Amino acid sequence: MTRDVWLARHPYLQPLADVDTLVEAAAAAITVPIAPIPDFERYSADFHAGVPLLESAAAAFDFDSAEPAVHSLIRRLASASLPEPLATSCRDLAAELETELETELETADSTAPAHPGLLRYLGWVILVRSLAPVVSAFDVWRNDEGWLRNYCPACGEPPAMCQLVGKDPGRLRKLSCGRCRTRWRYRRTGCPFCETKDAHRLAALSVDGEEGLRIDYCDVCSGYLKTYDGEGSESVLLADWTSLHLDMIARERGLKRLASSLYELDAH
Ligand SMILES: [Zn+2]
Ligand SMILES: [Zn+2]
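Residues numbered from 1 in each chain as written. Chains lettered and ligands numbered in written order. Predicted model: local features only at pLDDT ≥ 70, side-chain atom pairs only at ≥ 80, totals over all residues. Heavy atoms only, no water.

Undergrad: Would you explain the overall build of the protein in this entry?
TA: When helices and strands are tallied, the protein shows eight helices and six strands. Ordered by position in the sequence, the α and β elements of the protein form the string α-α-α-α-α-α-β-β-β-β-β-β-α-α. Relative to the globule expectation of 18 Å for 268 residues, the C-alpha radius of gyration of the protein, 20 Å, shows essentially globular dimensions. With the C-alpha coordinates aligned to their principal axes, the bounding extent of the protein is approximately 60 × 50 × 30 Å. The buried share of the protein, reckoned over its 268 residues, is 46%. Looking at the protein alone, contacts between residues at least 24 apart form 64% of all its contacts between residues at least 6 apart. Only carbon and sulfur atoms are counted for the fraction: they give 52% of the accessible area of the protein, which is about 13,600 Å². (Helix = DSSP H or I, 4+ residues; strand = E, 2+ residues; numbered from the N terminus. Rg over C-alpha atoms; globule rule 2.2 N^0.38 Å. Buried < 20%, exposed > 50% of the residue type's maximum accessible area, 1.4 Å probe, protein only. Contact = heavy atoms within 4.5 Å. Areas by Shrake-Rupley, 256 points an atom, 1.4 Å probe, with all protein chains shown as cover.)

Following this line, the structure appears as structure tokens:
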């Protein structure tokens, strides 16, 4: 499945695709510092204790180094032609940056940003670039059977989506992080939110015309997870925004999005 084919079948996603293209192009024009590969052996004990890599003191990851790149992205987007209300929100963030720089020397107080959801999204557009080599090296080093937890082994976020990989009997269920894009193994059955193991309380809802995608949900906590049943189209089908219509279907059924999302841009 390519992005163009998917968009031709789901024309209502085009405005989102346009924003995604614009933001990615702006990010591509910025120099992003590449995070150094941490010493995985030093981190190993934390891994087995369930501490995500980026939260581990042993990995000593420096989030601040990506901050100037995030600021550059905000400034670039503030002068780009974006649809509303995104354009105004980006200009608000850029204006806030200027005030912050002016007041930084006078006060140690930092106030909450005007658009925390948008700031988080833009922050991760940069961080995912900065962290890409670390995430790849971590995939190689990590023994997935030693994790099987319901949060990302790299950044600690709950899953955004799920993927079924391979054929039975060796089929694997992988959870997918919407922030750093790590995919990690989870138990084949069981709810990743309330962690019930009762298979009778879990169900899958297929959606007409959406081969490859379905909604898995749990009767105990009403949480659902959009699931890509297949391989090869991860960049399209696990992007989260490309299946926004499935979130609407799930919500109409009274299900709750307990999965994490980077696309709640106006969340406060
Ligand atoms: Zn992650
Ligand atoms: Zn549940």
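Undergrad: Looking at this structure, how should I read the environment of Ala-57?
TA: With respect to the helices and strands, Ala-57 occurs in the loop between α3 (40-48) and α4 (67-78). Residues Ala-57 and Asp-46, eleven residues apart in the sequence, show an inter-C-alpha distance of 8.9 Å.

Undergrad: Where do I start with unusual backbone geometry in this structure?
TA: Negative phi characterises most residues that are not glycine, and trans characterises most peptide bonds. In the segment running from Glu-84 into Pro-85, the intervening peptide bond is cis, with an omega of 5 degrees. Here Pro-85 is to be found in the loop between α4 and α5 (86-103). Residue Pro-169 is bonded to the preceding Asp-168 through a cis peptide linkage, with omega at 10 degrees. Among the structural elements, Pro-169 can be located in the loop between β1 (161-165) and β2 (172-176). Although it is not a glycine, Ala-60 adopts a positive phi angle of roughly 45 degrees.

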